[in-house]
Amino acid sequence: MITKFKKYLTLIPPQILLVLIALFIGLTVGLFVIALDNLIIFWEEISTSLETQYLFVIIPFALFVSNLLLKRFPEAMGDGTSEVIELVNIEDANLKGRVSLVKTLITSLLLGVGVPGGKEGPLVHIGGSIGSKISKIFNLTEDERKSFTGAGVSAAIGASFNAPLAGILFAMEVIFKQLSIKHLSVVVVSSVSAAVVAKSFGFNVDILTAPEYQLGQAVELVGYLLLAILSGLLAGFFIQLTSQSSKYFKQQMIRPYYLILLGLIFALSIYFIPDSFGTGEELLSNLINGGSLNFALLTLVILLVTRFLLTTLSIGSNLSVGAMMPSLLIGALLGSIMHNIFSSTSLFASIQPGALAIVGMASLFAGISRAPMTSIIMVFEITGDYGLVVPLMFGAIISTLVSERVVKYGMYDWPILQKGKQIKSFQTVDVLENVMVKQVAAYNIDTLKIDISSLDAIKTLQSLKILGTAVIDEDTYKGMVSLRSLQSGEPSTTLHEYLITIPFKVYEEDSVSDAVSQMVKFGYDR
């Protein structure tokens, strides 16, 4: 059956097949987004139906269950975004398909019982694993697998926020770290199709809608500037605190007493501050709709500090929850605090509380993720408010710049750097992507016969003024030899012992960029 199916696939033009695969990934990820959300609601209904004191038992128990699963499936640990970035940019984008199932179960349980965190990071991991698994089923190349892993990520963000453009930009800006044309088509198809699926099945994507706000007087930009600077400082401090605390907390997760203590801290926070429960989406929705007017300044400060510390604790402990929603909420709380302060002055009194909350959420997420364009577009799409274009752009960019001065790396980069690995910096375009190998390949080359001596080979290469060439045996390619190895080795009557076998193949239709990437991966400089 599978053989027949694959036979039929060969009849489909390659470009159309890739689009169909991207569509299938988008549909699958969209369904997983709905499933995760429903499971969170299921666990929420159970936990909230009980007396509050039962949280002191439920949350530690949930942490024990999740820890047991993570010991069995360690690849499902953590936020998930950093893992996808590492596998796409450094490894071969080979994510295990079981991550999608295990991550869905663990994340829904933790968020459902009230552990502070977000679902978007784990959804990035889930989407990436689905894209990687499906690309392996279709026996796609490593480069195509990376494209479809990114497509799964864009689908996850596009569906969870009903923001397909944000999903596309997140994949490009955060995952690929370059605006790559070769990834764009499948990323677009997956993001849009996942968003359509989520909305078609009644997924609650409109929870963060807000009334339309406008930039009033030009002097208001000074207020937004102050908010952006504070957001950048807070984002930098958050990254530093989380990265440093993770070095200690991750080691403690194997100890039962730490799980009990962690669960009690979360339960105690929820007991005294109910708004510290779970993802905080309802509180965020309240704030961007001007609800901060119902909170005293001290209450807003307590909520910000509590959310900040609890999120640092949950992310630093490598729990399977995300940092995206908490960062949006902390930013909105910061904006609401700023409004409370501004309202006592006549200079910035005209700024509406919801407007500052919206700009605050975009600014803080930009500072944490180092993805200002994604932050701007995401807030545009999820709130439906385009009246704050200038403050949003202003806030996201300033916050990113300030955050970079506090700490060089972003929220999703430090777990990779802690492993001693490096990731490439963001690039706007790779000019070699549009140059094919056949356009630069040399077809009429001088070769060496395998039965000549090493000394004769040296003389030939020196006379031709080349550093190496192909070796043939009766017109059959045998391998390569280099002048350096011939000169450093012992004299030989044939070239057999000097043959170099290249562990990869490059085809005429490949881009020069892909060819160079292969050379770098296997340590070849020419």
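Considering the packing of helix 16 (residues 372-383) against helix 17 (residues 389-406)
Turning to step 1, where the next piece is worked out: Taken N-terminus to C-terminus, the directions of helix 16 and helix 17 make an angle of 150°; their axes are 9 Å apart at the nearest point. Taken together, helix 16 and helix 17 sit at an angle that is classed as roughly antiparallel. Crossing handedness for the pair helix 16 and helix 17: right-handed. Along its contact with helix 16, which presents Pro372, Ile376, Val379 and Phe380, the element helix 17 presents Val389, Leu392, Met393, Ala396, Ile397 and Thr400.

Remarks on a nonpolar patch on the surface
Turning to step 1, where the next piece is worked out: Where nonpolar side chains cluster on the molecular surface, the patch consists of Leu297, Val301, Val305, Leu309 and Ile341 and spans about 370 Å² of accessible area.
Turning to step 2, where the next piece is worked out: It is helix 13 (residues 297-316) that provides the largest number of residues to the nonpolar patch, a total of 4 residues.
Turning to step 3, where the next piece is worked out: On the secondary structure map, Val301 appears in helix 13.
Turning to step 4, where the next piece is worked out: Val301 sits in the partly exposed class, given a relative accessible area of 32%.

A short note on the packing of aromatic side chains
Turning to step 1, where the next piece is worked out: Here the structure, examined in full by the defined rule, presents 6 aromatic pairs.
Turning to step 2, where the next piece is worked out: Measuring from centroid to centroid gives 6.4 Å for Phe170 and Tyr412, while their planes differ by 75°, and the two rings are edge-to-face. Here the residue Phe170 occupies a position in helix 8 (residues 164-176), and Tyr412 occupies one in the loop between helix 17 and helix 18 (414-417), the gap between them amounting to 242 residues. Comparing Phe170 with Tyr412 shows no difference in burial state: the two are buried.
Turning to step 3, where the next piece is worked out: Taken together, the ring pairs in this structure connect Phe56, Tyr271 and Phe272 into an aromatic cluster.

Analysis parameters
Residues numbered from 1 in each chain as written. Predicted model: local features only at pLDDT ≥ 70, side-chain atom pairs only at ≥ 80, totals over all residues. Heavy atoms only, no water. Axes fitted to C-alpha atoms, helices over the stretch in contact; angles between N-to-C directions. Helix = DSSP H or I, 4+ residues; strand = E, 2+ residues; numbered from the N terminus. Parallel < 35°, antiparallel > 145°, perpendicular 65-115°, else oblique. Left-handed = near helix turned anticlockwise from the far one by under 90°. Contact = heavy atoms within 4.5 Å. Patch = residues over 30% accessible without salt bridge, like charges linked within 9 Å, V, L, I, M, F, W, Y side chains within 5 Å. Areas by Shrake-Rupley, 256 points an atom, 1.4 Å probe, with all protein chains shown as cover. Salt bridge = Lys/Arg side-chain N within 4 Å of Asp/Glu carboxyl O. Buried < 20%, exposed > 50% of the residue type's maximum accessible area, 1.4 Å probe, protein only. Phe/Tyr/Trp six-rings, centres within 6.5 Å; stacked < 30°, edge-to-face > 60°.

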